[in-house]
Amino acid sequence: MAIKGQENFRGVAMNPIIDSTLNGIFSASEVSNLTGARPESIQNWVKRKLIVGHRKIEGGGSQGKHRRFTFFNVMEISMAQALMEMHMGAKEAFAAAAQFAHGGGGTIAGLPLRLAALPFHPSHGYTIFGVAGERTFEEIWMPGSDRDTYAKLRHHLGADHFLTVNATKIFNEVCERMQCSPIEVLDEVYSEDAKA
C-alpha cells in the first residue's frame with residue numbers, strides 16, 4: 001500500500017521497500033553487486049565521464065569520500081554492459097544506455113507510458129531496447145502476438161540492422177539482486193496498467 005505524501009520515484013507514491021529501491025543511493029560496491037560490473041570498470045567509466053545521471057555523481061577522488069549512484073545509474077550501467085557484450089564500444093554503449101536510463105516519461109508512437117530506467121509494464125509484453133548508431137527506441141514484444149516488433153524498431157531506428165536488448169530481463173535481474181519483486185515494483189509505478 002502506498003504511503004501518502006512520501007517522497008517517491010517520479011511523483012508516484014509507493015511502498016517504503018520499493019521507494020528505497022528506486023530512490024536509493026548506492027555505493028560503487030553496491031552498484032558492482034547489482035550490475036555484475038567489476039569495481040575497476042565502474043571507476044574507469046566514471047573517470048572517463050561515461051556515466052551520467054540526474055544527480056551529480058559525488059565523492060571519489062580523495063580518501064574517505066565514496067561515490068554515490070542512483071537507480072538510474074544502476075540501470076544505465078546494466079544496459080551499457082549488455083551492449084558492450086555485443087561488442088559495442090564503451091562510449092557508444094553508455095551513450096545509448098543513458099537514453100534508456102535517463103529518458104522516457106511519456107507515451108510515443110502509440111506505445112504505453114514508459115518511465116526512465118524502467119521497462120513498460122509487463123502486461124504489455126517485454127520491453128525491447130533497439131540501438132542503431134546514435135538512435136535508440138523501445139518497442140514491445142509479446143510472444144505469440146501479431147505485433148511486428150522488428151518492423152517497428154526498423155522504422156523508428158531508420159536502419160535495417162541494429163542491436164537489441166531485452167530491457168525487461170535486465171530490469172528483472174537488477175530487482176532480483178536487490179531482493180525485490182520486479183512485478184511489484186512495476187505494479188506500484190504503473191498502477192493504472194496494473195489495474196487493467
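Summarised in this report is the structure supplied together with it. (Residues numbered from 1 in each chain as written. Predicted model: local features only at pLDDT ≥ 70, side-chain atom pairs only at ≥ 80, totals over all residues. Heavy atoms only, no water.)

Among the secondary structure elements, glutamate 30 is positioned in helix H2 (residues 28-35). Spatially, the C-alpha atom of glutamate 30 lies 9.2 Å from that of phenylalanine 69, the residues being 39 residues apart in sequence. (Helix = DSSP H or I, 4+ residues; strand = E, 2+ residues; numbered from the N terminus.)

Generally speaking, soluble globular proteins have nonpolar side chains that are buried together. Core analysis: the largest hydrophobic core is formed by 47 residues, its most contacted members being Trp45, Phe71, Met75, Met79, Leu83 and Leu118. Broken down by secondary-structure element, the contributors of at least two residues to this core are helix H1 (16-22), H2, helix H3 (39-47), helix H4 (71-85), helix H5 (90-102), strand S3 (126-132), helix H7 (167-177) and helix H8 (182-189). Broken down by element, the residue count for this core peaks at 9 residues, all from H4. Aside from chain neighbours lying at most four places away, what touches leucine 83 is Met88, Ala93, Ala96, Ala97, Phe129, Val131, Leu163 and Val165. By size, the runner-up hydrophobic cluster in this structure holds 10 residues, among which are Leu111, Ile140, Leu157 and Ala159. (Core = buried A, V, L, I, M, F, W, Y, C linked by side-chain atoms within 4.5 Å. Buried < 20%, exposed > 50% of the residue type's maximum accessible area, 1.4 Å probe, protein only. Contact = heavy atoms within 4.5 Å.)

The next thing to look at is the packing of H7 against H8. Direction vectors running N to C along H7 and H8 enclose 110°, while the axes themselves pass 9 Å from each other. The orientation of H7 relative to H8 falls into the category roughly perpendicular. Here Phe171, Asn172 and Cys175 of H7 come into contact with H8, specifically with Pro182, Val185 and Leu186. Residues of the contact of H7 with H8, tallied by class, amount to 5 nonpolar, 1 polar and no charged. (Axes fitted to C-alpha atoms, helices over the stretch in contact; angles between N-to-C directions. Parallel < 35°, antiparallel > 145°, perpendicular 65-115°, else oblique. Nonpolar A, V, L, I, M, F, W, Y, C, P; charged D, E, K, R; others polar.)

Quick look at unusual backbone geometry now. In the Ramachandran plot, alanine 117 falls in the positive-phi region, its phi being about 75° despite a non-glycine side chain. Following the sequence through the fold, alanine 117 ends up in the loop between H5 and S3. By relative accessible area, alanine 117 is classed as buried at 0%. The phi angle at glutamine 179 is positive, at roughly 60°, despite the residue not being glycine. With respect to the secondary-structure elements, glutamine 179 resides in the loop between H7 and H8.

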